[in-house]
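Given next are the chains, with one letter for each unit.
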Amino acid sequence: MHYSKKILNNGLRIITAPIKDAQSATFLIMADTGSKYESKEESGLAHFIEHVLFKGTKNRPSSFHITQELDSIGSHYNAFTSQEYTGYYAKTAPEFFDTAIQVISDLYLNPLFDANEIEKEKGVIIEELRMYRDMPQQQVQDVFMNLLYGDTPAGRPIIGSEETIRSFSHEHFVNYFEKKYNPHSTIITVVGNFDEKEVIHKIEELFSAQTSKDKASKESVVEKQSTPAVAIFEKETDQTHIVLGFRTYGISNTENTILKMLSGILSAGMSSRLFMKLREEMGACYYDHATNDVYTDHGVFQIAAGVDAKRLNEIITVLMSE
């Protein structure tokens, strides 16, 4: 695939990858901000901002104005927040692509941060948090990350806590946004069927006036573990969900290629070791998977499975053996 990279004078990075025969095009803005860029008091704020940007802009003053415009062109659009980045995107047919660019850019450049909308959205996010707590496969991941990294940004849930969510004010949003959402911390990626020169010119028109600031920073992860550790979270469920893992490497380490192969040997496909052992031979679980999750300065290899609580010790023995 051909791709090009351009950096504007204010530090904004643009990556374009045109695909002439594609039936669609995607516009993605990603900012270097997420749960690792938060203080303990700010926990969940990056994710909350992702929600609030869809609540209105100076040009589109309500969520309906934003979503109706994108829905009217059949766009697939959404946003996401991780530990290390937050993204906003829209995918459309080529003939409607300019609208997608205009709307997603407007979210990033001109958010309203309406105080009334923020208060209403607190209820939405608290229910999202409670939903995840009712999903054991999700909850066990938060328990696992807290075991690894404790009360640090890497160990806290991306969504925050009910306490922090309720505590955020209009000023929290404005101050955090002004610090973290800036050209040096932002990359725009465009892929699909589009006119490359035209799109780059459009992005320059929209973003060149944005003021350059220092790149957002985050707390470095410090690995402290010296002995095996276990964390148990008890809740009445029909299954016991287990994660077995160990510390690996940051994203630039070449050993990650080997770890990716190992995860495939363990759980990629129905002929993988874990599938054959746990499901086909033992009939002990429905899902199992092994992954090597990588971040900028650390990594975690993990094996996860949902099993009958009565067979937990048996399953742990098998996982350790593999």
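Our structure is the block above this text.
The structure contained in this document is the topic of the report that follows. (Residues numbered from 1 in each chain as written. Predicted model: local features only at pLDDT ≥ 70, side-chain atom pairs only at ≥ 80, totals over all residues. Heavy atoms only, no water.)

Taken N-terminus to C-terminus, the directions of helix α9 (residues 256–267) and helix α10 (residues 273–281) make an angle of 25°; their axes are 3 Å apart at the nearest point. Taken together, the axes of α9 and α10 are roughly parallel relative to one another. Listed contacts from α10 to I265, L266 and S267 of α9 are R273, L274 and F275. Within the contact of α9 with α10, the residues separate by chemical class into four nonpolar, one polar and one charged. (Axes fitted to C-alpha atoms, helices over the stretch in contact; angles between N-to-C directions. Helix = DSSP H or I, 4+ residues; strand = E, 2+ residues; numbered from the N terminus. Parallel < 35°, antiparallel > 145°, perpendicular 65-115°, else oblique. Contact = heavy atoms within 4.5 Å. Nonpolar A, V, L, I, M, F, W, Y, C, P; charged D, E, K, R; others polar.)

With the rule as written, the count across this model stands at 24 salt bridges. The shortest N-O distance in the salt bridge between E162 and R130 comes to 3.0 Å. Taken as a pair, E162 in helix α6 (residues 162–167) and R130 in helix α4 (residues 115–133) lie far apart in primary sequence, 32 residues in all. Judged by relative accessible area, which is 19%, E162 ranks as buried. Among the salt bridges present, the one from E281 reaches K277, with a minimum N-O distance of 3.0 Å. Pair noted here: E281 and K277 are both in helix α10, with a separation of four residues, about one helical turn. For K277, a relative accessible area of 26% translates into the label partly exposed. Here the salt bridges do not stand alone but share partners, grouping E127, R130, R133, E162 and R166 into one network. (Salt bridge = Lys/Arg side-chain N within 4 Å of Asp/Glu carboxyl O. Buried < 20%, exposed > 50% of the residue type's maximum accessible area, 1.4 Å probe, protein only.)

Attention now moves to the side chain of S43. With respect to the helices and strands, S43 occurs in the loop between β3 (25–31) and α1 (45–52). We classify S43 as buried; its relative accessible area is 8%. Setting aside residues no more than four positions away along its own chain, S43 makes contact with E38, R156, P157, G160, S161, T164 and F168.

Turning to the sheet that holds strand β7 (residues 240–247), a few remarks are in order. A sheet is described by the order of its strands in space; here three strands give the open sequence β7-β9-β8, paired in antiparallel fashion. The sheet is open, and its two edges are formed by β7 and β8 (285–294), each paired on a single side. Across the sheet, the axes of successive neighbouring strands diverge by a mean angle of 15°, strand direction being ignored. Bridging between β8 and strand β9 (residues 299–307) involves eight bridges; their strand directions are antiparallel. Bridge pairing links D288 to A305 in β9. Of the strands in this sheet, β7 and β9 touch helix α11 (residues 312–321), which is tilted by about 25° from β7. (Pairing = 2+ DSSP bridges.)

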